[in-house]
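Architecture at a glance
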Amino acid sequence: MQPQLQHHRTPRRWSLAWLALLLAQPLAAQGPTIGLKVGASQSSRAVRFGGMGTERSPAREAPTISLAAAFPLRGPVGLQVELAHVSKGETFPGGSLLRSNYLEVPLLLRVRPTGARALLPVALLGIAPAYELSCNGLATLPTVGFSQPVVRERDCSGDRHTRYDFGLVGGIGVELPMRRAAFTAEVRYTHGLQDLYPRFEFVRGYNRSLSVLFGVRSGGGR
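Throughout this document, residue positions are counted from 1 along each chain, in the order its sequence is written. Where local features are concerned, this predicted model is filtered to residues with pLDDT of at least 70; where side-chain atom pairs are given and counted, the filter is 80 or more; whole-chain, interface and lining totals use all residues. The side-chain numbers reported here are obtained from all heavy atoms of the structure, hydrogens and water having been left aside.

**Some points on the overall build of the protein chain**
Elements are defined by DSSP. Helices are runs of H or I of four residues or more, strands are runs of E of two residues or more, and each kind is numbered from the N terminus. Broken down by element type, the protein chain carries one helix and eleven strands. Counted from the first residue to the last, the protein chain has its helices and strands arranged as α-β-β-β-β-β-β-β-β-β-β-β. With a 1.4 Å probe rolled over the protein chains alone, any residue whose accessible area is under 20% of its type maximum counts as buried; one over 50% counts as exposed, and the rest are partly exposed. Here the protein chain, with 222 residues, has 40% of them falling under the buried criterion. When contacts within the protein chain are restricted to residue pairs at least 6 apart in sequence, those whose partners lie at least 24 apart make up 65%. Exposure was quantified through the Shrake-Rupley algorithm and a 1.4 Å probe, taking into account, for residues, occlusion by the shown protein chains and nothing else. About 12,100 Å² of surface is accessible on the protein chain, with carbon and sulfur atoms providing 64% of the total. Only heavy atoms enter the contact rule, under which two residues are in contact if any of them lie within 4.5 Å.

This is the structure in structure tokens:
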């Protein structure tokens with residue numbers, strides 16, 4: 001039992017350590033920017049069954065939205081903090097699906113070349129602590145004597161046993177500066193490290209997601 005508890009808490013300790021490290025940087029530097037991002041994510045769940053390998057569920061597509069604040073640090077490097085609503089989960093043929101809605105707080109190092117070029121590349125790398133706000137879904141139940149199965153509301157309590165998630169984030173994109181505003185487009189991948197089934201000894205589940213985001217930001221920083 002003790003090793004399971006340590007495994008369950010490790011991602012949270014990492015997130016707190018990263019948060020303390022990043023917030024220790026000069027966030028009060030001049031020229032922060034504020035922005036809004038919208039897009040869509042394709043999420044799935046990777047499940048490991050002991051030594052039998054890993055299975056990935058069919059992907060589920062859902063919208064995502066976030067507020068972002070960027071702070072310049074030094075040269076081309078900046079810090080980006082976001083508050084995002086992200087829907088994850090899984091879907092299966094026949095109508096079964098699981099929808100997990102998370103409040104996610106990505107903390108990202110942001111690298112963008114200096115200069116006034118029309119189109120600038122951007123790279124993002126960081127972490128994404130998250131808390132599950134709600135969960136719902138549908139379950140397809142086999143029936144006897146009917147040609148079509150019955151689809152009913154799905155109870156999430158049997159699908160996961162923690163509301164916390166923690167992931168590593170990497171992304172690339174482009175930015176189009178326009179005076180004191182900029183338009184952005186990016187693709188990012190979130191690799192979940194938090195075991196969603198800590199009560200099961202031989203089963204581990206992790207969130208995975210690929211997102212495409214478009215946004216606008218304004219202000220004088222990077």
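From this point on, the discussion continues.
**Some details on the packing of aromatic side chains**
Side-chain rings of Phe, Tyr and Trp, where Trp is taken by its six-membered ring, are said to pair if the distance between their centres is within 6.5 Å; with planes under 30 degrees apart they count as stacked, over 60 as edge-to-face, and otherwise as tilted. Tallied over the entire structure, the rule returns one aromatic pair. Lying across the ring of Tyr-102, Lys-88 places its NZ or CZ 5.4 Å from the centre. Over a ring means this: the NZ of a Lys or the CZ of an Arg is within 6 Å of the ring centre and within 35 degrees of the ring normal.

**Let's talk about the pattern of salt bridges**
Close approach of charged atoms allows side chains with opposite charge to pair. Salt bridges are counted wherever a side-chain nitrogen of Lys or Arg sits within 4 Å of a carboxyl oxygen of Asp or Glu. The tally for this structure, following the rule as stated, stands at eleven salt bridges. Residue Arg-110 is joined to Glu-175 by a salt bridge in which the shortest nitrogen-to-oxygen separation is 2.3 Å. Linking Arg-110 in strand β6 (residues 107-111) with Glu-175 in strand β9 (residues 164-178), this pair joins segments that are 65 residues apart in sequence. Accessibility expressed as a relative area gives 1% for Glu-175, which makes it buried. Each of Lys-37, Glu-82, Glu-186 and Arg-188 takes part in one network of salt bridges that share partners.

**Quick word on the pairing of strand β3 (residues 60-74)**
Looking at chain direction, strand β1 (residues 33-49) and β3 are connected through eleven bridges and run antiparallel. Bridging from a neighbouring strand, Gln-42 pairs with Glu-61 of β3. Examined bridge by bridge, β3 and strand β4 (residues 77-91) share ten bridges and lie antiparallel to one another. The partner of Pro-72 across the bridge, within β4, is Gly-78. Where β3 folds back on β4, the antiparallel hairpin that results is connected by two residues, among which Gly-75 adopts a positive phi of roughly 60°. When DSSP finds two or more bridges between two strands, those strands count as paired.

**Remarks on the side chain of Lys-88**
With respect to the element layout, Lys-88 can be found in strand β4. In this structure, Lys-88 is in contact with Ser-43, Arg-60, Leu-98, Arg-99, Ser-100, Tyr-102, Glu-104, Asp-165, Thr-190, Asn-207 and Ser-209, ignoring residues within four places of it in sequence.

**Overview of the pairing of strand β5 (residues 97-104)**
With six of its eight residues buried, β5 lies for the most part within the structure. Alignment of β4 against β5, held across eight bridges, turns out to be antiparallel. Note on β5: the bridge partner recorded for Thr-91 is Leu-97.

**Section: the confidence of the model for the protein chain**
For every residue, the predictor assigns a confidence score, pLDDT, that lies between 0 and 100. Mean pLDDT over the protein chain stands at 79; residues scoring 70 or higher make up 72%. Across the protein chain, the secondary-structure element scoring lowest on mean pLDDT is helix α1 (residues 2-23), at 50, and the one scoring highest is β6, at 96. In the model, residues 1-8 has pLDDT below 50 throughout and makes eight contacts with residues more than four positions away in sequence or in other chains. For the stretch residues 24-29, pLDDT sits under 50, and the model shows seven contacts to residues farther than four places along the chain or on other chains.

**A look at the environment of Ser-218**
Topologically, Ser-218 is positioned in strand β11 (residues 203-219). Along the chain, Ser-218 and Pro-177 lie 41 residues apart, while their C-alpha atoms are 9.6 Å from each other. Discounting residues that sit within four places of it in the chain, Ser-218 has contacts with Pro-32, Thr-33, Ile-34, Arg-180 and Ala-181.

**Here's the deal with the environment of Ala-128**
Tracing the chain through its elements places Ala-128 in strand β7 (residues 120-141). The class of Ala-128 is buried, set by a relative accessible area of 2%. Sequence-distant contacts of Ala-128, defined by excluding residues within four places in its chain, comprise Glu-104, Val-105, Pro-106, Asp-165, Phe-166, Gly-167 and Val-169.

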